[in-house]
Amino acid sequence: YTYAFPFGSGKRFLNTKNFAGKIAGGWELTGIQQYQTGRPIALTANNTLPLFNGALRPDAVSGVSKTLPVTDPLADRWINPAAFTAPTGLRFGTAARTYSDVRAPNFLNESFGLIKRTSLTEKLTLTFRAEFFNAFNRVVFAAPAGNVSAANFGRVSSQSNSPRQGQLALRLDF
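Keep in mind the model is a prediction, meaning the values are calculated, not measured. (Residues numbered from 1 in each chain as written. Predicted model: local features only at pLDDT ≥ 70, side-chain atom pairs only at ≥ 80, totals over all residues. Heavy atoms only, no water.)

Whenever I open this one, the overall build of the protein chain confuses me. Can you help?
Within the protein chain, the regular secondary structure consists of one helix and seven strands. The order of α-helices and β-strands along the protein chain, N terminus first, is β-α-β-β-β-β-β-β. Taken over C-alpha atoms, the radius of gyration comes to 26 Å for the protein chain, far larger than the 16 Å a tight globule of 174 residues would show. With the principal axes as the frame, the protein chain shows a C-alpha extent of 85 × 35 × 25 Å. Put simply, the protein chain has 174 residues, and 29% of those count as buried. Pairs at least 24 apart in sequence give 65% of the contacts found in the protein chain among residues at least 6 apart. Side chains of the protein chain carry 19 positive and 9 negative charges; the gap between the two charge centres is 4 Å. (Helix = DSSP H or I, 4+ residues; strand = E, 2+ residues; numbered from the N terminus. Rg over C-alpha atoms; globule rule 2.2 N^0.38 Å. Buried < 20%, exposed > 50% of the residue type's maximum accessible area, 1.4 Å probe, protein only. Contact = heavy atoms within 4.5 Å. Lys, Arg positive; Asp, Glu negative; His and termini not counted. Charge placed at Lys NZ, Arg CZ, Asp CG, Glu CD.)

Here you go:
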């Protein structure tokens with residue numbers, strides 16, 4: 001979104017072409033908010049079949065909760081290792097590819113910008129921009145490991161977004 005503040009030349013307030021109108025006018029606030037639920041995690045197991053090069057699906061253990069309560073996202077397991085096992089023998093696993101309740105962490109992000117356009121002459125405009133990405137510095141963790149054959153199965157091992165960043169720009173249009 002973009003919101004132009006109602007100050008300065010041609011606007012509702014301080015509608016003057018003097019110094020005060022130039023300083024107060026031409027400001028815009030921009031923003032992008034993104035809020036997404038986590039994506040389903042694809043569950044796999046190491047391939048034990050001699051005919052296929054890809055990963056297999058694990059076996060699902062019925063009656064066992066697929067997820068665990070998470071208090072520390074980097075220390076706790078998100079997926080219950082007792083709910084899935086690697087298929088034995090020369091067969092495919094019984095688990096679904098994904099489950100609606102086995103998901104990666106939610107993605108939350110807010111980015112904002114502030115723009116100031118100042119008309120210096122009829123054909124000369126100065127534009128200042130200040131942009132801040134991930135403005136609230138939210139940490140979004142990566143998906144837990146989905147391979148039941150791996151030692152880190154069900155654990156998060158990294159961050160999937162960047163920390164807060166900002167940039168400033170000054171442009172002269174003629």
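Teacher, can you tell me more about the packing of aromatic side chains here?
What describes a pair of aromatic rings is the distance from one ring centre to the other and the angle between the planes of the rings. Under the defined criterion, the tally for this structure stands at five aromatic pairs. Centroid distance Phe-84 to Phe-153: 6.4 Å. Interplanar angle 80°. Geometry classified as edge-to-face. Here Phe-84, found in strand E4 (residues 84–85), pairs with Phe-153, found in the loop between strand E6 (125–133) and strand E7 (165–173); they are 69 residues apart in sequence, far enough to count as distant. On the basis of relative accessible area, Phe-84 is assigned to the buried category, the value being 4%. In this structure Phe-153 comes out as buried when scored by relative accessible area, which is 3%. Taking 5.9 Å as the distance between ring centres and 65° as the angle between the ring planes, the aromatic pair formed by Phe-112 and Phe-136 counts as edge-to-face. Highlighted residues: Phe-112 in strand E5 (residues 107–119) and Phe-136 in the loop between E6 and E7, separated in sequence by 24 residues. (Phe/Tyr/Trp six-rings, centres within 6.5 Å; stacked < 30°, edge-to-face > 60°.)

Looking at this structure, I do not really get the pairing of strand E2 (residues 27–36). What am I missing?
Moving residue by residue along a regular strand, the side chains alternate between the two faces of the sheet. Both strand E1 (residues 2–4) and E2 contribute to a ladder of three bridges, which runs antiparallel. Each bridged residue has a counterpart across the sheet, and for Ala-4 the counterpart in E2 is Glu-28. Here ten bridges tie E2 to E5, and the two strands are oriented antiparallel to one another. Bridging across to E5, Glu-28 finds its partner in Ile-115. (Pairing = 2+ DSSP bridges.)

Explanation requested: the nonpolar core in the structure shown.
Soluble globular proteins: nonpolar side chains tend toward being buried together. Counting residues in each nonpolar core, the largest one holds 15 residues, and the members touching the most others are Ile-41, Leu-43, Ile-79, Phe-84, Tyr-99 and Phe-153. When residues no more than four places from it in sequence are discounted, the contact partners of Ile-79 are Ile-41, Leu-43, Lys-66, Thr-67, Leu-68, Phe-84, Val-102, Pro-144, Ala-145, Phe-153 and Gly-154. (Core = buried A, V, L, I, M, F, W, Y, C linked by side-chain atoms within 4.5 Å.)

Help me out: how do you make sense of the sheet that holds E6 in this one?
Note: strands within a sheet are paired through backbone hydrogen bonds, in either parallel or antiparallel orientation. The five strands are arranged E1-E2-E5-E6-E7 in an open sheet whose pairing can be described as antiparallel. With one partner strand each, in any of the chains shown, E1 and E7 form the two edges of the open sheet. Within the sheet, the average angular offset between the axes of one strand and its neighbour, ignoring direction, is 15°. (Axes fitted to C-alpha atoms, helices over the stretch in contact; angles between N-to-C directions.)

Please explain the environment of Thr-98 as it appears in this structure.
Within the secondary structure, Thr-98 sits in the loop between E4 and E5. Spatially, the C-alpha atom of Thr-98 lies 5.1 Å from that of Ala-42, the residues being 56 residues apart in sequence. Apart from the residues within four sequence positions on either side, Thr-98 is in contact with Pro-40, Ile-41 and Ala-42.

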